[in-house]
Amino acid sequence: IFERAKALSALERALAAREIAVRDLASQEDVTIVMGEIKRFKATQATLKQIDEALAAQVASDTDAVALLARLGAVRAEQQKVVEAVLNHALTGNPAEASKTARTGLVPLVDRSAKVLDDLHALFDRRAKDQVAQAQAEAQRATWLVVAVMAVVVLAGGLLAWRMATGIARPMRQAITAAQAIT
């Protein structure tokens, strides 16, 4: 669970970094600065791909999480089309159109991404609570088992002690009775 949460947080940070890189890219007029921003954008894309792969591997057995990641992937594919349009405008020296495309195209998609990420958080929270409840139930069962074993041991010990005490006391009573009869 911790690794999933860690990967999800890294994904959120990478998505935010990518969004910032696109907005910065869209606002530049100088082509050399645009090229620098493209390099930064590509670096965030590479990081994002690594995080995607790690998160997908961690949730591969969870069909609900896989479905949510697929939804997020679909939204991000739409975002990629907008990003490509922003890049084209930025590279052709049209920062006003690049900014407008980033603002009008990305904002709704970022909101949809945030909704899917919220759904992933909620799913991971439910999974974590389920695991905690399961661990608590197992601990409760283990506690009752220990109490039951202790009760059996105490009863067996008491029975053994009584048996030993009567085993010693009976011959002593007989010896005392025999000694009294002799005198």
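Cut-offs used in this document
- Residues numbered from 1 in each chain as written.
- Predicted model: local features only at pLDDT ≥ 70, side-chain atom pairs only at ≥ 80, totals over all residues.
- Heavy atoms only, no water.
- Patch = residues over 30% accessible without salt bridge, like charges linked within 9 Å, V, L, I, M, F, W, Y side chains within 5 Å.
- Areas by Shrake-Rupley, 256 points an atom, 1.4 Å probe, with all protein chains shown as cover.
- Salt bridge = Lys/Arg side-chain N within 4 Å of Asp/Glu carboxyl O.
- Helix = DSSP H or I, 4+ residues; strand = E, 2+ residues; numbered from the N terminus.
- Buried < 20%, exposed > 50% of the residue type's maximum accessible area, 1.4 Å probe, protein only.
- Contact = heavy atoms within 4.5 Å.

Visitor: An account of a nonpolar patch on the surface is needed here, citing residue identities and associated values.
Guide: A cluster of nonpolar side chains, namely Val31, Met35 and Leu91, defines an oily patch on the protein surface of about 260 Å² accessible area. Relative to the helices and strands, Met35 resides in helix α2 (residues 31–58).

Visitor: Break down the side chain of Gln79 for me, citing the residues and quoting the values.
Guide: Inspection of the secondary structure assignment puts Gln79 in helix α3 (residues 63–91). On the accessibility criterion, Gln79 (3% relative accessible area) is buried. Ignoring anything within four residues of it in the chain, the contact list for Gln79 reads Arg18, Leu106, Leu109, Val110 and Ser113.

Visitor: So what about the pattern of salt bridges? Which residues, and what values?
Guide: This structure, assessed with the given rule, holds 7 salt bridges. One salt bridge in this structure joins Arg127 and Asp62, with 2.9 Å as the shortest N-O distance. Of the two residues, Arg127 sits in helix α4 (residues 95–182) while Asp62 sits in the loop between α2 and α3, which places them 65 residues apart along the sequence. Overall, the relative accessible area of 23% leaves Arg127 in the partly exposed class. Using a relative accessible area of 6% as the deciding quantity, one classes Asp62 as buried. With its nearest N and O atoms 2.7 Å apart, the salt bridge here joins Asp119 to Lys115. Taken together, the residues span about one helical turn, with Asp119 and Lys115 both in helix α4 at a distance of 4 residues.

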